[in-house]
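# Report on the structure
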Amino acid sequence: MDQSLLDKPSHAEIREEVAKLCARFPGEYWRKLDQARGYPTEFVAALTEAGYLAALIPEEYGGAGLPLSAAAAILETIHEAGCNAAACHAQMYIMGTILRHGSAAQKQRYLPKIASGELRLQAFGVTEPTSGTDTTSLRTFARREGDRYIVNGQKVWTSRAEHSDLMLLLARTTPKEQIRSRTEGLSAFIVDMRQALGQGLTIRPIRTMMNHNSTEVFFDNMAVAADNLIGDEGRGFRYILDGMNAERLLIASESIGDAKWFTRRSVDYAKERIVFGRPIGQNQGVQFPIARAYAQMRAAELLVHEGLARFEAGLHCGEQANMAKMLGAEAAWAAAEACVQTHGGFGFAEEYDVERKFREARLYQVAPISTNLVLSYVAEHVLGLPRSY
Ligand SMILES: Cc1cc2nc3c(=O)[nH]c(=O)nc-3n(C[C@H](O)[C@H](O)[C@H](O)COP(=O)(O)OP(=O)(O)OC[C@H]3O[C@@H](n4cnc5c(N)ncnc54)[C@H](O)[C@@H]3O)c2cc1C
């Protein structure tokens, strides 16, 4: 590839400012939320106020109009600082579906309010209990009735639904038996959850091993105005796919941030903790897992940079985005594992934050796409092996 593409600015100023903001939300803040399964309202408000969640919204709609690498720098810094962007990261990439495929009226109606924070677009309703990873088998059905759609079905793992005003919903509009290709017949909608709640929309929280504000969502004859259909009926799956490389590169950046946080904690502790009359970090048995995880992180980081450079140059980046997401998540996990081991018993104590970050970092090998599905993408689309499913 063109090496000049790799010479991207590192957004040093943005990183510095985001780090300052994050310093106002130390481990104690996240620990309390974790115990109460609370939502980091103040943190999200601070990011919104500073304009970071509107980084990718074009200036004409009130956003900062920054490139994807800037959004990646924001999310990486949040995680490197020990905070967690999972409470709000989706707003950055869900918005892209409206921006790329929404009508002029939809963009005008929603984007400026999302940019200002007046409207929260944090919920993304794709996964269903019966279809799981096999998205094109989803069953939630939106039936057209005059100037509205009537939606029936269920979503699961819809993060942040209780803390969002809008949901980007993927639903079937043509029965599976009537479609020619499995990617057809699904449509994307903007659901105003403020209006729908109690009017056919029910949200139930799911308790998980980390504080993620996950929910399951039920639709029982929920009405959605036909005006809220994004683009053409039946093409929703394509619209969602269009945003996936950006999503994967952003999540990979969070994992890189996590890996850096764990590694810094490991190094600091290994230098300070004296056992047998010397710092534990003097032992190669302690050093090597930390060093190995660091090397893994650096390799994944280079792939993130390559993916971002290609994305911004308008080149295909599915290979880089998928592999960066997988390797980033694995590097974060290796760094997390080394960090717990380095801390010995204290790795399990809440006050060190290591066990909380350990739980949080595990998710990214499963969501938003699991490792097997990344490998399957690489096998089929990069290496040309036969499709396996
Ligand atoms: C905390 C959390 C938050 C989430 N947030 C959202 C959200 O906001 N919106 C949303 O729509 N979804 C969300 N998800 C869903 C997430 O994207 C899915 O969990 C993920 O895609 C995997 O789907 P599944 O859980 O149904 O697993 P399944 O599809 O049941 O898969 C289970 C396992 O089998 C493997 N597997 C399945 N098929 C194959 C195959 N053909 N070859 C090899 N291996 C295979 C998978 O890799 C996985 O390891 C979230 C999930 C979690 C846990």
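Each value, and the rule that gives it
Residue positions are given per chain, counted from 1 along the sequence in the order it is written. The predicted origin of the model limits local features to residues at a pLDDT of at least 70 and limits the giving and counting of side-chain atom pairs to 80 or more, whereas totals for whole chains, interfaces and linings rest on all residues. Strands are runs of DSSP state E lasting at least 2 residues, helices are runs of H or I lasting at least 4, and numbering of each runs from the N terminus. Using C-alpha atoms as the atom set, the radius of gyration is obtained and then compared with a globule rule of 2.2 Å times the number of residues to the power 0.38. Around each residue's C-beta, the other C-beta atoms within 10 Å are counted; 20 or more make the residue buried, 12 or fewer make it exposed, and counts in between make it partly exposed. All C-beta atoms are placed from the backbone. For every residue pair, C-beta atoms are placed from the backbone, and the pair is scored as a contact if these atoms sit within 7 Å. Structural elements are reduced to axes, namely lines fitted to C-alpha atoms, with helices fitted over the stretch in contact, and the angle between N-to-C directions of any two is expressed from 0 to 180 degrees. When an angle is under 35 degrees it counts as roughly parallel; over 145 it counts as roughly antiparallel; between 65 and 115 it counts as roughly perpendicular; any other value is oblique. One nonpolar core equals one set of buried Ala, Val, Leu, Ile, Met, Phe, Trp, Tyr and Cys residues connected by C-beta atoms within 7 Å. Think of it this way: DSSP has to see at least two bridges between two strands before they count as a pair. By definition, a residue lies near a molecule or strand provided its backbone-derived C-beta atom is within 6 Å of it. We call Asp, Glu, Lys and Arg charged. Ala, Val, Leu, Ile, Met, Phe, Trp, Tyr, Cys and Pro are nonpolar, and the rest, Gly among them, are polar. Domain delimitation follows an automatic or database domain assignment. Note on convention: the crossing is left-handed when the near helix lies turned anticlockwise from the far helix by less than a right angle, right-handed when the turn is clockwise. To estimate the expected span of a helix, count its residues, drop one, and scale the result by 1.5 Å. Think of it this way: the bend at a residue is just the angle between two axes, each fitted to seven residues, one set ending at that residue and the other starting at it.

Right, let's talk about the overall build of the protein for a bit. Helix and strand counts for the protein stand at 13 helices and 10 strands. For the protein, the C-alpha radius of gyration of 21 Å lies close to 21 Å, the compact-globule estimate for 389 residues. By residue count, 47% of the 389 residues in the protein fall in the buried class. Here the analysis covers contacts within the protein between residues at least 6 apart in sequence; of these, 74% occur between residues at least 24 apart.

The contact between helix α5 (residues 90-101) and helix α9 (residues 244-272) brings their axes to 10 Å, and the two run at 170°. Relative to α9, the element α5 is oriented roughly antiparallel. Together, M92, Y93 and G96 of α5 and A246, E247 and L250 of α9 make up the contact between the two elements.

Below, the discussion takes up the nonpolar core. The biggest cluster of nonpolar side chains holds 115 residues, and the ones touching the most others in it are A71, I74, F189, L249 and A335. Counting residues per element, this core draws most heavily on helix α11 (residues 318-343), at 14 residues. In contact with A335, not counting residues within four places along its chain, are A259, F262, T263, A293 and M297.

In terms of burial, strand β5 (residues 186-192) is largely enclosed, as six of its seven residues are buried. As paired strands, strand β4 (residues 166-172) and β5 are joined by seven bridges and run antiparallel to one another. Paired with L166 across the bridge in β5 is D192. Across two bridges, β5 lies against strand β8 (residues 229-230) in antiparallel orientation. Along β8, the bridge assignment pairs F189 with L229.

This next bit is on the pairing of strand β1 (residues 121-125). Most of β1 sits out of view: five of its five residues are buried. Of the strand pairs in this sheet, β1 and β4 are connected by four bridges, and their pairing is parallel. By the bridge assignment for β4, G125 is matched with L169.

Okay, the site of the ligand next. The environment of the ligand is made up of 22 residues, and the closest members are V126, G132, T133, W157 and S370. Only β1 and α13 (371-382) provide two or more residues apiece to the shell around the ligand. Tallying contributions element by element places α13 first for the shell around the ligand, with three residues. Here the shell around the ligand is composed, by residue class, of 10 nonpolar, 12 polar and no charged. The residue makeup of the shell around the ligand includes at least three contributed by each of domain 2 (121-235) and domain 3 (241-382).

Looking now at the packing of α9 against α11. Axis separation between α9 and α11 bottoms out at 8 Å; the angle between their running directions is 20°. Between α9 and α11, the interaxial angle falls into the category roughly parallel. Two packed elements cross with a definite hand, and for α9 against α11 that hand is left-handed. Residues that form the contact of α9 with α11 fall into these classes: 17 nonpolar, nine polar and four charged.

Attention now moves to helix α6 (residues 104-116). With 13 residues, α6 extends 18 Å from end C-alpha to end C-alpha; this agrees with the ideal 18 Å at 1.5 Å per step. In α6, a bend of some 25° at Y110 exceeds every other bend along the element, and P112, a proline, comes one to four places later. Within α6, burial applies to Y110, L111, I114 and A115. Contacts from the buried residues of α6 go to α5, β1 and β5. G117 occupies a position one or two residues after α6 and carries a positive phi of about 95°.

Attention now goes to the domain arrangement of the protein. Entries for the protein in the domain assignment read domain 1 (3-116), domain 2 (121-235) and domain 3 (241-382). Each of domain 2 and domain 3 has a C-alpha centre, and these two points are 31 Å apart.

This brings us to the environment of N283. By the element assignment, N283 lies in the loop between β10 (278-279) and α10 (284-312). The sequence separation of N283 and L119 amounts to 164 residues, and the corresponding C-alpha distance is 52 Å.

Once that is clear, we can look at unusual backbone geometry. The residue after A367, namely P368, is reached through a cis peptide bond having omega -5°. Structurally, the position occupied by P368 is in the loop between α12 (354-362) and α13. Even without being glycine, R37 reaches a positive phi, approximately 55°. Tracing the backbone shows R37 in the loop between α2 (27-36) and α3 (41-49). Within the chain, N221 stands out as a residue other than glycine whose phi angle is a positive 55°. As for its placement among the helices and strands, N221 is situated in strand β7 (residues 214-225).

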